[in-house]
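Structural overview
Each chain, written out:
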Amino acid sequence: DQQVKQNSPSLSVQEGRISILNCDYTNSMFDYFLWYKKYPAEGPTFLISISSIKDKNEDGRFTVFLNKSAKHLSLHIVPSQPGDSAVYFCAASAVPESGNTGKLIFGQGTTLQVKP
Amino acid sequence: DAEITQSPRHKITETGRQVTLACHQTWNHNNMFWYRQDLGHGLRLIHYSYGVQDTNKGEVSDGYSVSRSNTEDLPLTLESAASSQTSVYFCASSEGAFDEQYFGPGTRLTVT
């Protein structure tokens, strides 16, 4: 049962254009969402996050949008650069009534290729 | 600078052998996690720990164990390696529930 889904295994865009990576989730208890970027032979690195009390969070070229009613989030990269070519994972977390978990549920990942 | 390291980076072992993968972090984080990455599955949680002497099972814990005797280390043990455990393993740590997780560089394990 995949609670976090990234239905597009790969995406190819031209340098300078917008990259849009999508992520869907099924668990309505998720209230914190993150995006990680992963280069080959390296560990994932944190990119950007968003709390469920917001619908948008921006950090430089990266913006994450959250649509709670649709259980959907997306990562926009504008403008895309060749160095953005990597695997992008979305992840979700839920805080139970008892408090801290820190557990993340990851999607399958989307491989982004930005062509020069 | 604080960091998180994993060793070995690559390991080939035979079916049935016991294998231990090391994870060491100098962030002084309470939370530590082990994931495996497989094509089509993303990152799946194996075990996690919220502090010394605390360990918990993740979604794919069968065949794996961890121990937490100090803040810095969370070794992952495969009691009897199976070919299905061929994967890339990542260790991560975080300060708190809503803090980002810092990942190690990964260990590529092949079970023949």
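These numbers come from a predicted model, not from an experiment.

1. Some thoughts on the overall build of chain A
Tallying secondary structure elements over chain A gives zero helices and 11 strands in all. Secondary structure elements of chain A, listed N to C terminal, follow the sequence β-β-β-β-β-β-β-β-β-β-β. Relative to the compact-globule value of 13 Å for 116 residues, chain A shows a C-alpha radius of gyration of 14 Å, a close match. Taken along its principal axes, the extent of the C-alpha atoms in chain A is 50 × 30 × 25 Å. A fraction of 57% describes how many contacts in chain A between residues 6 or more apart in sequence connect residues 24 or more apart.

2. Let's talk about a nonpolar patch on the surface
Residues and elements named next belong to chain A. Together, Ile18, Ile20 and Val78 line one region of the surface with nonpolar side chains, adding up to about 230 Å² of accessible area. By the secondary structure assignment, Ile20 is in strand 3 (residues 19-25). Since its relative accessible area comes to 36%, Ile20 is described here as partly exposed.

3. As for unusual backbone geometry
In the segment running from Val78(A) into Pro79(A), the intervening peptide bond is cis, with an omega of -10°. Looking at the element boundaries, Pro79(A) is found in the loop between strand 8 (72-77) and strand 9 (86-93). Here the amide bond leading from Ser7(B) into Pro8(B) is cis, since omega sits at -5°, within 30 degrees of zero. Note that Pro8(B) resides in the loop between strand 1 (4-7) and strand 2 (10-13).

4. A short note on the pairing of strand 6 (residues 56-59) of chain A
On a regular strand, one side chain projects to one face of the sheet and the next to the other, so that they alternate. Residue and element names in this part refer to chain A. Where strand 6 lies against strand 7 (residues 62-67), four bridges are found, and the strand directions are antiparallel. Considered in strand 7, the bridge of Asp59 is made with Phe62. Turn length for the strand 6-strand 7 hairpin, with the two strands adjacent in sequence and antiparallel, is two residues, and the turn residue Gly60 shows positive phi of about 65°.

5. Focus on the side chain of Thr110(A)
Residue and element names in this part refer to chain A. Position of Thr110 among the secondary structure elements: in strand 11 (residues 110-115). Owing to a relative accessible area of 3%, Thr110 belongs among the buried residues under this scheme. Polar side-chain contacts of Thr110 include one of 3.5 Å to the side chain of Gln6. Excluding its chain neighbours within four sequence positions, the residues that come into contact with Thr110 are Gln6, Ser8, Pro9, Ser10, Leu11, Leu21, Ala86, Val87 and Tyr88.

6. Here we look at the sheet that holds strand 3 (residues 19-25) of chain B
Consider a sheet: its strands pair through backbone hydrogen bonds, and that pairing is either parallel or antiparallel. Residues and elements named next belong to chain B. Strand order across the open sheet formed by four strands is 1-3-8-7, with antiparallel pairing between neighbours. In this open sheet, the two edge strands, each paired with only one partner strand, are strand 1 and strand 7 (64-66). Strand-to-strand twist in this sheet, taken as the mean axis angle between neighbours without regard to direction, amounts to 20°. Sheet topology note: the strand 7/strand 8 (residues 76-78) ladder contains three bridges and is antiparallel. By the bridge assignment for strand 8, Ser65 is matched with Thr77.

Reading guide: rules and limits
The residue numbering used here restarts from 1 in each chain and proceeds along that chain's sequence as written. Each chain gets a letter, beginning with A, and each ligand a number, beginning with 1, in the order they are written. Totals for whole chains, interfaces and linings use all residues, but because this is a predicted model, local features are given only for residues with pLDDT of at least 70 and pairs of side-chain atoms are given and counted only at 80 or more. To get the side-chain values, all heavy atoms of the structure are used, and hydrogens and water are removed first. Numbering of helices and strands starts at the N terminus; helices are DSSP runs of H or I of at least 4 residues and strands are runs of E of at least 2. Here the globule rule is a power law, 2.2 Å times the number of residues to the power 0.38, and the radius of gyration is based on C-alpha atoms. Any two residues having at least one pair of non-hydrogen atoms within 4.5 Å are treated as being in contact. Patch membership requires more than 30% relative accessible area and the absence of a salt bridge. Residues of like charge join within 9 Å; the nonpolar side chains Val, Leu, Ile, Met, Phe, Trp and Tyr join within 5 Å. Throughout, the Shrake-Rupley method with a 1.4 Å probe supplies accessible areas, and for residues the shown protein chains are the sole cover considered. Salt bridges are defined by distance alone: a side-chain nitrogen of Lys or Arg within 4 Å of a carboxyl oxygen of Asp or Glu. Each residue is assigned to one of three classes by its accessible area relative to the maximum for its type, calculated with a 1.4 Å probe on protein chains only: buried under 20%, partly exposed between the two thresholds, exposed over 50%. For two strands to count as paired, DSSP must find a minimum of two bridges between them. Each polar contact in these results corresponds to two N or O atoms within 3.5 Å; when the atoms are within protein, one needs to be able to donate a hydrogen and the other to accept it, and residues that are neighboring in sequence are counted only if both atoms are side-chain atoms. For helices, the fitted axis covers only the stretch in contact; all axes are lines through C-alpha atoms, and the angles between them, taken along N-to-C directions, range from 0 to 180 degrees.

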